Amino acid sequence: MQIDVLSIFPEYLAPLELSLVGKAQEKGLLEIEAHDLRAWTTDRHRTVDDTPVGGGAGMVMRPDIWGKALDDTLSESATLIIPSPAGQVFTQRLATELSSSEHLVFACGRYEGIDGRVAEHYVAAGYRVLEVSIGDYVLNGGEVAAMVMIEAIARLIPGMVGNPDSLVEESHGSAGLLEYPVYTRPVTWQGRDIPEVLLSGHHAKIARWRRDQALQRTQERRPDLIAALQHDERFDSRDYEVLREQGFEE
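Along each chain, numbering runs from 1 in the same order as the chain's sequence is written. Since the coordinates come from a predicted model, pLDDT governs what is reported: local features require at least 70, and pairs of side-chain atoms require 80 or more to be given and counted, while whole-chain, interface and lining totals use all residues. The side-chain figures draw on all heavy atoms in the structure; neither hydrogens nor water molecules are used.

Chemist: Explanation requested: the overall build of the protein in the structure shown.
Modeler: Scanning the protein for helices and strands turns up 9 helices and 9 strands. By principal-axis analysis of the C-alpha atoms, the protein measures approximately 70 × 45 × 40 Å. Sorting the 250 residues of the protein into buried and exposed places 42% on the buried side. Contacts are assigned to residue pairs that have any heavy atoms within 4.5 Å of one another. For the protein, the proportion of contacts with a sequence separation of at least 24, taken over those separated by at least 6, is 72%. Each accessible area is a Shrake-Rupley result for a 1.4 Å probe, and residues are judged covered by the shown protein chains and nothing else. Surface summary for the protein: the accessible area is close to 14,600 Å², and the carbon and sulfur share equals 49%. The charge count includes Lys and Arg as positive and Asp and Glu as negative, but it does not include His or the ends of the chains. By convention, the charge on Lys lies at NZ, on Arg at CZ, on Asp at CG and on Glu at CD. Each charge class in the protein was averaged separately, 24 positive and 40 negative side chains, and the resulting centres sit 5 Å apart. To qualify as a helix, a DSSP run of H or I must reach at least 4 residues; to qualify as a strand, a run of E must reach at least 2; elements of each kind are numbered from the N terminus. For each residue, the accessible area found with a 1.4 Å probe, counting protein chains only, is set against the maximum for its type, and the residue is called buried under 20%, exposed over 50%, and partly exposed in between.

Okay, structure coming up:
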């Protein structure tokens, strides 16, 4: 997979050279390149923004600069991703979908954002354009959001994670539930013991306990996820019993 990131602070992306994402690049599974948006400016001040038309605070990033940069960066197969607090919410489902892409281009805005005609233009040109938010809050720019999305997407690339089974069991995995609590040795710590069922060696009971814990945790912390999954064919009578104990109403 090729990932290009356009930003006025390309050095912000340096952490992507570390850990599993960095190793994936060394293995050739992934190629990430950060570009300085100012390289496409022509004035001596390397200007990338201007005042908002119609008035208002802040500055807006110019479409002509972004247009030149994206024309030089986008391939025919590329998906253009614009991090934005006004975008659709980034989810594990979207990360999974994007992990099979050949080419992703992240356009990291700053100030009051990127001129709205940029997204409109590339949609009209036939590109897939996604404005995506990582949460209901505002950051100084799109770089942090881009790094969050890149890590979530990249770790799903085959060969990226050593044990692929861990991708299935983790939070927001295939079951759509939050992950159950996990433990390791020592068995007793600060007067607290690991649940006995996990020491039993009974795989079926352990699996049931973990699913019960995942259901309880999800209902408590993210009931919106349960509401979205209540008609899932994987839910059985035991699942609904656990949920009802947590106050869930069908």
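On we go from here.
Chemist: Is there a simple way to explain the nonpolar core in this structure?
Modeler: One recurring pattern in soluble globular proteins: nonpolar side chains tend to sit buried together. Counting residues in hydrophobic clusters, the biggest one holds 31 residues, and the most contacted among them are I3, L30, F90, L104, F106, M149 and I153. Of all the elements in the fold, those that place two or more residues in this core are β1 (2–7), α1 (19–27), α3 (92–98), β6 (103–107), β7 (128–133) and α5 (143–154). Broken down by element, the residue count for this core peaks at 8 residues, all from α5. Look past the residues within four positions of L104 in its chain and what remains in contact with it is M1, Q2, I3, D4, T79, I81, L98 and I153. To form a nonpolar core, buried Ala, Val, Leu, Ile, Met, Phe, Trp, Tyr and Cys residues must be joined to one another through side-chain atoms within 4.5 Å. Listed in part, the 21 residues of the second largest apolar core include A69, L74, I82 and I114.

Chemist: Please clarify how the pairing of strand β5 (residues 79–89) should be interpreted in this entry.
Modeler: Where a strand is regular, its side chains alternate between the two sheet faces. In this structure, β5 lies alongside β6, joined through 3 bridges in parallel fashion. Each residue of the ladder has a partner; that of T79, found in β6, is L104. In this analysis, strands are considered paired if DSSP registers two or more bridges between them. Judged from the 7 bridges that link them, β5 and β7 form a sheet pairing that is parallel. By the bridge assignment for β7, V89 is matched with S133.

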